[in-house]
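# Structural overview for review
The residues making up each chain are set out below.
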Amino acid sequence: MRKPTELEELAARPAPGADEVAGTFVREPHDQLASESDYERVMANLSFGVDFTDYMAHATWTADKGWHNKRIEPYGPLTLDPAGAVLHYGQETFEGMKAYRHDDGSIWTFRPTYNAARINMSNRRLAIPEISREDYLASIVDLVRADARWVPSDEGTSLYLRPFVFASESFLGVRAASRYEYLVIASPSGAYFKNGLQPIDLWVDRTYHRAGPGGMGDVKTGGNYASSLLPKVRAAEAGFDEVLFLDAATNTNLDELGGMNVFVVMADGSVKTPALTGNILPGGTRSSIIQFLEAEGVNVSEETISLQSVLDGLDSGDVAEMFACGTAAVVTPIGRLASEDFDVAVPVGEKTKQIYEELTAIQLGHAEDRFGWLYKIADA
Ligand SMILES: *Cc1c(COP(=O)(O)O)cnc(C)c1O
């Protein structure tokens, strides 16, 4: 049996329920709630990460007060001094979660303690003060309760939640800042990829890497995304949907996509994913898929996966399917792999679809929550 990761162990510790943490972030008055017509326009035409809700959660950290002024305030622009440290040195971390509406109208989220543990792992790496998991949970609960009308109910829709922290001290010297802001914003969202389980085409990049040994590849910080954007632009120009990055040390093994982990389904039914080497983001979706597949008796291995072995396996038929996964896009089949010297189709099959369906069934309360991953935010 696989040994749980540190994040999985931290996530499994008993957590306070929503009612126990509710009210930590104090709701401020709001005199400009979205009008009924704006609300209806947004909810009738859900995109991803475009429209935002009425409120946001916000707290500030200073050395003398720690995290304080925890509030739910009207969503809107921030005021930031042009010398604000994040604008110059990128001291920032973030998370991505979703709130789902179940059939009975109640609102839930998925493994929030995993994200709470992970934002603190990211914060430690970027010399940002940690946030208690109680405060983290409270920010989610208080924001979603204030914005409950924005949690959509159709299949495949959710309220996407984006917690983030950034250095707000006005200072150009290079050191960890002495002031930080923590916010959570929320976006009612439809499917991340418009075409649902439509396969995506990947460009395997041999020129650029998103992260290297000793860098920040295993934590969630904007800098990793910044380094993935030029390769993504170039891939898009060549007609590809996303980039598959190789490891920076040898340029031969699969790491991950710019924002999703990757899995290989073998013809013998076993499943592989790159091991967490320190350059790969430990996705909660990745962790969940590994755990439920293992519980079903599937042989799942976390190992070094060379690009060559994947190309050979596609050629011989040993590799049956490939997919990418993450909170935003859930599970997405990979339909093509290409680089300067190869261009191969990846078969799209049932296993990827099955995994997508199993995961979403748990998240939507349609399957038994045997791992205790669901967290109730609010009653109907
Ligand atoms: C967030 C992220 C993922 C997916 O993580 P989930 O917890 O499954 O959403 C994968 N790779 C990178 C680089 C990420 O930032």
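Residues numbered from 1 in each chain as written. Predicted model: local features only at pLDDT ≥ 70, side-chain atom pairs only at ≥ 80, totals over all residues. Heavy atoms only, no water.

## Brief notes about the site of the ligand
Counted only if it meets this: We call a residue near a molecule or strand whenever a single non-hydrogen atom of that residue lies within 4 Å of it. By the criterion applied in these results, polar contacts are pairs of N or O atoms within 3.5 Å in which, for protein atoms, one can donate a hydrogen and the other can accept it, and in which residues neighboring in sequence qualify only through two side-chain atoms. All accessible areas in this document rest on Shrake-Rupley with a 1.4 Å probe, and a residue is counted as covered only by the protein chains that are shown. Each cavity reported here is a set of points on a 1 Å grid over the protein atoms alone in which a 1.4 Å probe fits but cannot get out, each pocket an open set with protein on both sides within 12 Å along at least five of seven lines, and each lining residue one with an atom within 4 Å of a point. Whether a molecule sits in a cavity or pocket is decided by its atoms, more than half of which must lie within 2 Å of the grid points. Only Asp, Glu, Lys and Arg are considered charged, only Ala, Val, Leu, Ile, Met, Phe, Trp, Tyr, Cys and Pro nonpolar, and every remaining residue, Gly among them, polar.
Residues in close proximity to the ligand total 15 residues, the closest being Lys220, Tyr225, Glu256, Thr285 and Thr327. Between an oxygen atom of the ligand and a side-chain N or O atom of tyrosine 225, the distance comes to 2.5 Å. Within the backbone of glycine 284, one N or O atom sits 2.7 Å away from an oxygen atom of the ligand. Protein burial of the ligand: of its 380 Å² of free accessible surface, 96% is covered by the chains. Placement of the ligand is best described as lying within the largest pocket. Split into classes, the residues belonging to the shell around the ligand amount to 3 nonpolar, 8 polar and 4 charged.

## Quick word on the domain arrangement of the protein chain
Test applied: Domains are outlined according to an automatic or database domain assignment. Residue contacts are defined here by distance: any two heavy atoms, one from each residue, within 4.5 Å place the two residues in contact. When two components associate, each loses some accessible surface as probed by a 1.4 Å sphere; the sum of these losses over both components is called the buried area.
When the domains of the protein chain are assigned, the result is domain 1 (6–192) and domain 2 (200–364). A separation of 27 Å is found between the C-alpha centroids of domain 1 and domain 2. Residue-level contacts link 24 residues of domain 1 with 24 residues of domain 2. Summing the contributions of domain 1 and of domain 2, the shared interface buries around 2,100 Å²; its carbon and sulfur component is 57%. Considering only the side of domain 1, the residues that lose the most area to domain 2 are Phe94, Phe110 and Arg125, jointly responsible for 25% of the buried surface there.

## Points about the packing of helix α5 (residues 112–125) against helix α6 (residues 133–146)
In a pair of packed helices, the angle between the axes and the distance between the axes together describe the arrangement. Under the convention used in this document: Each axis is a line fitted through C-alpha atoms, and for a helix only the stretch in contact is used; angles between axes span 0 to 180 degrees, taken between their N-to-C directions. What counts as a helix is a DSSP run of H or I of at least four residues, what counts as a strand is a run of E of at least two, and both are numbered from the N terminus. Angles below 35 degrees are treated as roughly parallel, those above 145 as roughly antiparallel, those between 65 and 115 as roughly perpendicular, and all remaining angles as oblique. Crossing chirality is assigned from the near helix's rotation relative to the far helix, an anticlockwise turn below a right angle marking it left-handed and a clockwise turn marking it right-handed.
Two numbers describe how α5 lies on α6: the axes approach to 10 Å, and their chain directions differ by 125 degrees. One element, α5, and the other, α6, form an angle in the oblique class. For the pair α5 and α6, the crossing hand works out as right-handed. Across from Pro112, Thr113, Asn115, Ala116 and Ile119 in α5, the residues of α6 making contact are Arg133, Tyr136 and Leu137. For the contact of α5 with α6, the class distribution of residues is 5 nonpolar, 2 polar and 1 charged.

## A short note on a negative patch on the surface
Formally: Here the term patch refers to residues with relative accessible area over 30% and no salt bridge, with like charges joined within 9 Å and nonpolar side chains (Val, Leu, Ile, Met, Phe, Trp, Tyr) within 5 Å. The term salt bridge refers to a side-chain nitrogen of Lys or Arg lying within 4 Å of a carboxyl oxygen of Asp or Glu. His is not counted, nor are the chain ends, whereas Lys and Arg count as positive and Asp and Glu as negative. A charged residue contributes its charge at one atom only: NZ of Lys, CZ of Arg, CG of Asp or CD of Glu. The buried label goes to any residue with under 20% of its type's maximum accessible area, the exposed label to any with over 50%, and the partly exposed label to all in between, with areas taken from a 1.4 Å probe on protein chains only.
There is a patch of like negative charges on the surface, built from Asp103, Asp104, Asp154 and Glu155. Relative to the assigned elements, aspartate 104 resides in the loop between β5 (97–101) and β6 (107–110). Since its relative accessible area comes to 55%, aspartate 104 is described here as exposed.

## Notes on the packing of aromatic side chains
For any pair of aromatic rings, geometry is given as the distance between the ring centres together with the angle between the planes. In plain terms, the rule: Two aromatic rings from Phe, Tyr or Trp, using only the six-membered ring of Trp, form a pair when their centres are within 6.5 Å; if the ring planes differ by under 30 degrees the pair is stacked, by over 60 it is edge-to-face, and anything between is tilted.
If you walk through the whole model with that rule in mind, you get 12 aromatic pairs. Both rings, one in tryptophan 61 and one in tyrosine 180, keep their centres 5.8 Å apart while their planes meet at 65 degrees; by these two values the pair is edge-to-face. With tryptophan 61 in strand β2 (residues 55–62) and tyrosine 180 in strand β8 (residues 179–189), this residue pair connects regions lying 119 residues apart in the sequence. Residue classification places tryptophan 61 among the buried positions, given a relative accessible area of 18%. Given the relative accessible area of 1%, tyrosine 180 is considered buried. Plain terms: the ring middles of tryptophan 67 and tyrosine 182 are 6.2 Å apart, the flat faces sit at 70 degrees to each other, and that makes the pair edge-to-face. In this pair, tryptophan 67 sits in strand β3 (residues 66–74) while tyrosine 182 sits in strand β8, placing the two residues 115 residues apart along the sequence.

## Description of helix α3 (residues 36–44)
To keep things clear, this is the line we draw: As used here, the arc belongs to the directions running from the helix axis to the C-beta atoms.
Of all the positions in α3, only Tyr39, Val42 and Met43 are classed as buried. Projected down its long axis, α3 shows its buried positions confined to an angular sector of 90 degrees, all on one face. Residues Ser37, Arg41 and Ala44 are exposed on α3 and point more than 90 degrees away from its buried face. Those residues of α3 that are buried are in contact with β8.

## Comments concerning the side chain of threonine 93
Mapped onto the secondary structure, threonine 93 falls in strand β4 (residues 92–94). Here asparagine 123 takes part through its side chain, which lies 2.6 Å from a polar atom of the side chain of threonine 93. Those residues in contact with threonine 93 that lie beyond four places of it in its chain are Ile119, Ser122, Asn123, Leu126, Ile128, Pro163, Phe164, Val165, Lys220 and Thr221.

## Re the pattern of salt bridges
One pass over the full model with this rule turns up 22 salt bridges. A salt bridge links glutamate 95 to arginine 118; the nearest nitrogen and oxygen atoms lie 2.8 Å apart. Of the two residues, glutamate 95 is situated in the loop between β4 and β5 and arginine 118 in helix α5; the sequence distance between them amounts to 23 residues. Accessibility expressed as a relative area gives 0% for glutamate 95, which makes it buried. The residue arginine 124 makes a salt bridge to glutamate 130 at a minimum N-O spacing of 3.0 Å. A cluster of three or more residues bridged by salt bridges with shared partners is formed by Arg2, Glu8, Arg286 and Glu302.

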